[in-house]
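Below are the chains, spelled out letter by letter.
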Amino acid sequence: KAHQVESYFRTVRNEVRLLAASKMVVDATRGFREAVDELDGNAVPADVKQAVNAWYDTQYMPTVRKLLGKDVSADEFMPMTAAPYFLQDLYIVRNPHPEGRRDLLDNPGDGSAYSKVHAIYHPLMRTAGATLGFQDFMIVDPQSGRLIYTVDKDPDFATSLRAGPYRHSNLAAAAARCATSPDPSATCLEDFSAYLPAGGVPSAFMAAPVIEQGVVTGVLVAELAIEEIDAIVTGGRRWRNEGFGATGEAYLVGPDFLVRSSGRNFFENTDLYFADLKAGGASDEELAAIRRYGSPLLHQRADTSASRAAIGGVEGAG
């Protein structure tokens, strides 16, 4: 299992590095960056600003407040310049496809330079991300720290990772590290952490610099899906076929002693799973978080003698 997990990350590293060096991504990065800069020079019409503001108020902020468990101001999340207003209006607010399928929109038909570039490269990027099993694919402008392109068009699309609400996220950390590395062999991995634009689902990010003539012109970032890790560690939830018998399991634990994969009873016997956690000293807040997110990742502690030994580099049985 450990070998399989390590192999998965090695494969992802190579795939992201290869894509970042491809002519497709180098050309797309240049096109998106120039188109976003052009949009930033335009005045935002009142109806566009009103539509985007209304979407935040009615659609996104209620979710944010529910996930954070507190009342936060929408002002912290609103677009700060013209480009995100235009792009979020076209690709999120007025997108004819529902949330979760916004990636199906290739060209909103507004005639802008951005939409022309998007119509060329988006189908290719969408196919690449789906083929490789990534949750999302993104391009970050290293100068502004802005997400100039994403496949999924989540609420982070077109926002700044330096000044916006996601500046402290693991996505921002991965992009910032790779933005200063004009080395085609460089990759930057950030561990799983709850990510608001993904509905609070834990996400990990693998980034690689996009280099043109020796200069970092962008950062390509892959959002790694927890389902991929879960499938590896649980053997596609076929524990018996993997030799674990009626009750055995393998699970992944991070250095913070929080799990990075789901336990067997979470799927096979939910009542027993929560009863065992309660008996093991899990707090009501931890149990509520697992139920709210529909996943134990980053919410269930696994601080045992076995996990302590493993994290300390010790192999054994007991």
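Residues numbered from 1 in each chain as written. Predicted model: local features only at pLDDT ≥ 70, side-chain atom pairs only at ≥ 80, totals over all residues. Heavy atoms only, no water.

A. The arrangement of the pattern of salt bridges in detail. Overall, the coordinates contain 14 salt bridges when judged by the stated rule. When the shortest N-O distance is used, the salt bridge between R260 and D191 registers 2.7 Å. Of this pair, R260 sits in the loop between α7 (226-233) and α8 (264-268) while D191 is found in strand β3 (residues 188-194), placing the two residues 69 residues apart along the sequence. Owing to a relative accessible area of 38%, D191 belongs among the partly exposed residues under this scheme. Linked by salt bridges that have partners in common, K23, D27, R30 and E212 make up one network. (Salt bridge = Lys/Arg side-chain N within 4 Å of Asp/Glu carboxyl O. Helix = DSSP H or I, 4+ residues; strand = E, 2+ residues; numbered from the N terminus. Buried < 20%, exposed > 50% of the residue type's maximum accessible area, 1.4 Å probe, protein only.)

B. Region of interest: helix α6 (residues 170-179). Counting buried positions along α6 gives seven out of ten residues, so the element sits mostly inside the fold. Looking at the packing, one finds that the buried side of α6 touches β1 (134-141), β2 (146-150), β3, β4 (202-212) and β5 (215-224). (Contact = heavy atoms within 4.5 Å.)

C. Spatial organisation of the state of the cysteines. Taken as a whole and judged by the stated rule, the model has one disulfide. Note that C178 is cross-linked by a disulfide to C188, the S-S spacing being 2.3 Å. Around the S-S axis, the bridge from C178 to C188 shows a dihedral of about 105 degrees and counts as right-handed. In this pair, C178 is assigned in helix α6 and C188 in strand β3, connecting sequence segments ten residues apart. (Disulfide = S-S within 2.5 Å.)

D. Looking closely at the packing of aromatic side chains. In total, this model carries 18 aromatic pairs according to the counting rule given. Judged by centre distance (5.8 Å) and plane angle (10 degrees), the ring pair of W55 and Y60 falls under stacked. The exposure classification of W55 matches that of Y60, with both residues buried. Arranged with centres 5.9 Å apart and planes meeting at 75 degrees, the rings of Y56 and Y60 form a pair that is edge-to-face. In this pair, Y56 and Y60 are both assigned in helix α3 (residues 46-68), four residues apart and thus about one turn of the helix distant. One exposure class covers both Y56 and Y60, and it is buried. Through a chain of ring-to-ring contacts, the aromatic side chains of W55, Y56, Y60, F77, Y166, Y195 and F205 assemble into a single cluster. Cation over ring: K49 sits above Y85, and NZ or CZ is 5.4 Å from the ring centre. (Phe/Tyr/Trp six-rings, centres within 6.5 Å; stacked < 30°, edge-to-face > 60°. Lys NZ or Arg CZ within 6 Å of the ring centre and 35° of its normal.)

E. Structural detail: the environment of F86. Mapped onto the secondary structure, F86 falls in helix α4 (residues 82-93). Using a relative accessible area of 14% as the deciding quantity, one classes F86 as buried. For the pair formed by F86 and Y293, sequence separation is 207 residues and the distance between their alpha carbons is 31 Å. Here F86 is in contact with L39, N42, A43, V44, P45 and V48, once residues within four sequence places are set aside.

F. Main features of the sheet that holds β1. Strands sit in the order β2-β1-β5-β4-β3 across an open sheet of five strands; the sheet is antiparallel. Edge positions in the sheet fall to β2 and β3, since each of these pairs with one other strand and no more. Across this sheet, the average inter-strand angle for adjacent strands is 30 degrees, counted without regard to direction. Across nine bridges, the pairing between β4 and β5 is antiparallel. (Pairing = 2+ DSSP bridges. Axes fitted to C-alpha atoms, helices over the stretch in contact; angles between N-to-C directions.)

G. Focus on the pairing of β5. Taking burial as the measure, the ten residues of β5 include nine buried ones, the bulk of the element. One ladder, built from six bridges, connects β1 with β5; its direction is antiparallel. Note on β5: the bridge partner recorded for D136 is E223. The antiparallel pairing of β4 with β5 creates a hairpin that spans two residues between the two strands, and Q213 there sits at a positive phi of about 55 degrees.

H. Highlighting the nonpolar core. In this structure, F32, Y114 and L220 are the most contacted members of the largest nonpolar core, which totals 50 residues. Once residues lying within four places of it in the same chain are set aside, the contact partners of F32 are Y114, V117, H118, Y121, I139, I148 and Y149. In terms of nonpolar packing, the next biggest core, distinct from the first, is built from 32 residues, V140, L161, Y166 and C188 among them. (Core = buried A, V, L, I, M, F, W, Y, C linked by side-chain atoms within 4.5 Å.)

I. Quick peek at the pairing of β4. In terms of burial, β4 is largely enclosed, as nine of its eleven residues are buried. Pairing geometry for β3 and β4, over five bridges, is antiparallel. Paired with C188 across the strands is A207, a residue of β4.

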